[in-house]
Amino acid sequence: MPPTPTPAGAAPHLVLWHLAESYLTAAHALSPSLLPTPQHSSSATVDVDIERARARYTHLIRASITSLTAILKSSKRLPPTIELRTRLRLAQILWEECRDAKAAEAILSKAIILAQQGGNGHQHVGIKFACQYLLIKILVGNPRSTGTGAGRQLLKSCLRECGEREVVTEWSYAFLLLEIELGGASARGMRNFAMGRGDEEIVLYALLLEAAQNLRTGVEGVEKAGECLRGYEELLGRRVDRGVPVRNEIRLMGVVLGILRLTMCAHTAAALQQLGLLHQALDALASDPNWTPDGSFMLQVRPHESQSQMGRAVGVGVRVKWCERQELFAFGYLLSGVCHLPNYASSKSITFLDEGLKMVAILSANASTTPGSVSEVTERRRRVDVMREYLLTYMVFALLLRSEFDAALVRLRALDQIGLGVGILGPMRTMVKIAYLQSTGKFDDALALSATIPQQTQDEELLLLNLLNSVAMMRGMGAEGQGLAERMLQDLEPRCSTSKNTSLRTAWQLVRATSSSNDPNTLLHRTLLDSTFTLTSTHANTHLRTLTLTALSQPFAHTNPAQGEAMSTSAYVVAKKARDEVWCGVSGEVARGVWERMGKVGKAGRQGEVNWGHWGGVGERLERGVPDGWVPDGWVLR
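Cut-offs applied
- Residues numbered from 1 in each chain as written.
- Predicted model: local features only at pLDDT ≥ 70, side-chain atom pairs only at ≥ 80, totals over all residues.
- Heavy atoms only, no water.
- Helix = DSSP H or I, 4+ residues; strand = E, 2+ residues; numbered from the N terminus.
- Expected span 1.5 Å × (residues − 1).
- Buried < 20%, exposed > 50% of the residue type's maximum accessible area, 1.4 Å probe, protein only.
- Arc of directions from axis to C-beta.
- 1 Å grid on protein atoms, 1.4 Å probe; cavity = no way out; pocket = protein on both sides within 12 Å on 5 of 7 lines; lining within 4 Å.
- Points joined across faces, edges and corners; volume = space filled by probe spheres on them.
- Nonpolar A, V, L, I, M, F, W, Y, C, P; charged D, E, K, R; others polar.
- Salt bridge = Lys/Arg side-chain N within 4 Å of Asp/Glu carboxyl O.
- Core = buried A, V, L, I, M, F, W, Y, C linked by side-chain atoms within 4.5 Å.
- Contact = heavy atoms within 4.5 Å.

**Student:** What am I meant to see in helix α4 (residues 101-117) here?
**Tutor:** Each turn of an α-helix holds 3.6 residues, which means side chains three or four residues apart point in the same direction. In a regular helix each residue adds 1.5 Å, so 17 residues correspond to 24 Å; α4 covers 24 Å between its end C-alpha atoms and thus fits that length. Taken as a whole, α4 has its buried residues at A101, A104, I107, L108, A111, I112 and A115. The buried residues of α4 occupy an angular sector of 140 degrees when the element is viewed end-on, so they sit on one face. For α4, exposure combined with an orientation more than 90 degrees from the buried face picks out K102, A106 and Q117.

**Student:** How do you make sense of empty space enclosed by the protein when you look at a structure like this?
**Tutor:** Considering all chains together, one arrives at one cavity of 30 Å³ or more under this definition. Space inside the largest cavity adds up to approximately 50 Å³. Of all the elements in the fold, those that place two or more residues in the lining of the largest cavity are α15 (348-367) and α16 (374-401). A breakdown of the residues in the lining of the largest cavity according to their chemical character gives five nonpolar, five polar and one charged.

**Student:** I would appreciate a short explanation of the pattern of salt bridges in the present structure.
**Tutor:** It is possible for side chains bearing opposite charge to pair when their charged atoms get close. If you walk through the whole model with that rule in mind, you get 30 salt bridges. Residue E324 pairs with R380 through a salt bridge whose shortest N-O separation is 3.5 Å. Placement of the pair is E324 in the loop between β2 (317-321) and α14 (325-340) and R380 in helix α16, with a sequence separation of 56 residues. Across the pair, exposure class does not vary: E324 and R380 are buried alike. When the shortest N-O distance is used, the salt bridge between E327 and R383 registers 2.8 Å. With a gap of 56 residues between them, E327 in helix α14 and R383 in helix α16 connect regions that are remote in the sequence. Of the residues examined, R383 reaches a relative accessible area of 26% and is grouped as partly exposed. Residues joined by salt bridges that share partners form a network here, namely E324, E327, E379, R380, R382 and R383.

**Student:** What should I look at first to understand the layout of surface pockets in this one?
**Tutor:** Any space left empty among the atoms is revealed by the rolling of a water-sized probe across them. For the second largest pocket, the calculated volume is near 350 Å³. Surrounding the second largest pocket, 19 residues form its lining, E233, G254, V255, Q274 and L277 being those nearest its centre. Only α10 (222-241), α11 (248-264) and α12 (268-286) provide two or more residues apiece to the lining of the second largest pocket. If one sorts the elements of the lining of the second largest pocket by residue count, α11 sits on top with eight residues. A breakdown of the residues in the lining of the second largest pocket according to their chemical character gives nine nonpolar, six polar and four charged.

**Student:** What is the right way to look at the nonpolar core in this model?
**Tutor:** Nonpolar side chains tend to gather and get buried jointly when the protein is soluble and globular. Ranked by internal contacts, the top residues of the largest apolar core, which has 68 residues, are L252, I259, L278, L412, Y436 and L468. Considering each element in turn, this core owes the most residues, nine residues, to α16. Those residues in contact with Y436 that sit more than four places away from it in its chain are L400, F405, L409, L412, R624 and W630.

Right, dumping it as structure tokens:
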């Protein structure tokens, strides 16, 4: 929200304003002690009398409100600007600290009428818009409010008035951003408005916002997001060619969204190349003196001609907020870990995710000491918990891929301490538990847990991935399980084969190609596996490549032993680097069979002995128990 003018003079009122802000600052210093210290916090904990601190906090907030109320109850007639400014601040405190929507609405409504009576002066117009901005947030954001429709109508009215008053362009952008924040509009409207005015920096920001909106819709929005990012790159290039400086915040947003898009497209190889740009940008961020503590920055607005004549051309802009510096570093580590995850022959994913968890520990300690309103402190802790949950979830997947089961279980227990997962994280946490159970041979328990996924999410991609995984497990559960698996696979074919998610299609092709109903020597089998193998290069997925090479080497063992030897040994080498005992055993056994057919008896014998060692490692997995509370009772294969 743009700043509102501060009036000069009226010393008694300035004293009360100062008192109100002092009380508020003192209250905010107590905020971190009002909330229980998280169980997973690594910071030293100190016993705090929360009730006593809460009483003190309430007393200070009440004192701040009383100071501002005293100004309004003054016996002297207040200058309109002082009364407007006081009402705006009082309403902000009543809403942000007390969530007293009714009182805040009444104070703002009177302020808006007063501002309208004060004429069209810039001071009055600015404060009026500030009051309307807050009133819209209260009407639309209050879950108990019945005025959501009225709030959205007021927002449209404000946008119309801003359009008529060309000298308040910064407020046009503020209301356009509010409309986007409240979920009522695409960023395309703000982009078109900025293009019409020639505000290129805001055009860049709007293109990035629009790309982010499209990515939130899933793979369906990837193509549109790509169009926005290409438009961003073109405009960015033109500004660089003209020697116009570009903010680090804008550059970082562009790099992050580009990597996210590539990751969602499963273009992992291309995403890995872009990680270099991300790390360079983060290095620049570390030494950027202009990065604000809360991650906010000012987007410049080209002043209207009349503003230049009035001397208001300097400092015209709209402030937006992105990420705090350390939060961005943690997210950078998360993104790097996710990009490296498909290459399970490397431990880079674990390294990056571990660094992210260290950064989150610092963030958690800061969140427990940084002053602010209770809502700000709560929101800061929530963001830290969500970041920790993402890092831990992907860390478990990375550890399981490299057969580090003890470490994976430690992280799973840390996840349980956070509480219920938020949004997509809930079913993701269930799926990572399924992966643990599956990796330790507890197929019945894993399938029982898989049956709960449809109750947790309606996300089509997660549902399909869960069903494909269930098919793979059922194939090892006797004739009944195999029959059900084949029927499920046939039902899944139209949904998977038409999916825009190439990773999902690749997974389906691999499961389909290794179906028990397929003759491994048929053209269909070979075609499916060849297609899967090609996609593994685009995805930079060494785990999937190991599985595909092992499956391909079996038919070649009969028709082209030399090719079968090359494929099985290649799969074995990658699996060994990843310390994957199961696929070392499987690919090693295929290689042993190929060498026997080729008459290489010595190599076959030595590989057979090595294989026994791998299967011994697998046996150790099967002795692991199932953690309490993971698996629901009463599941039956049917």
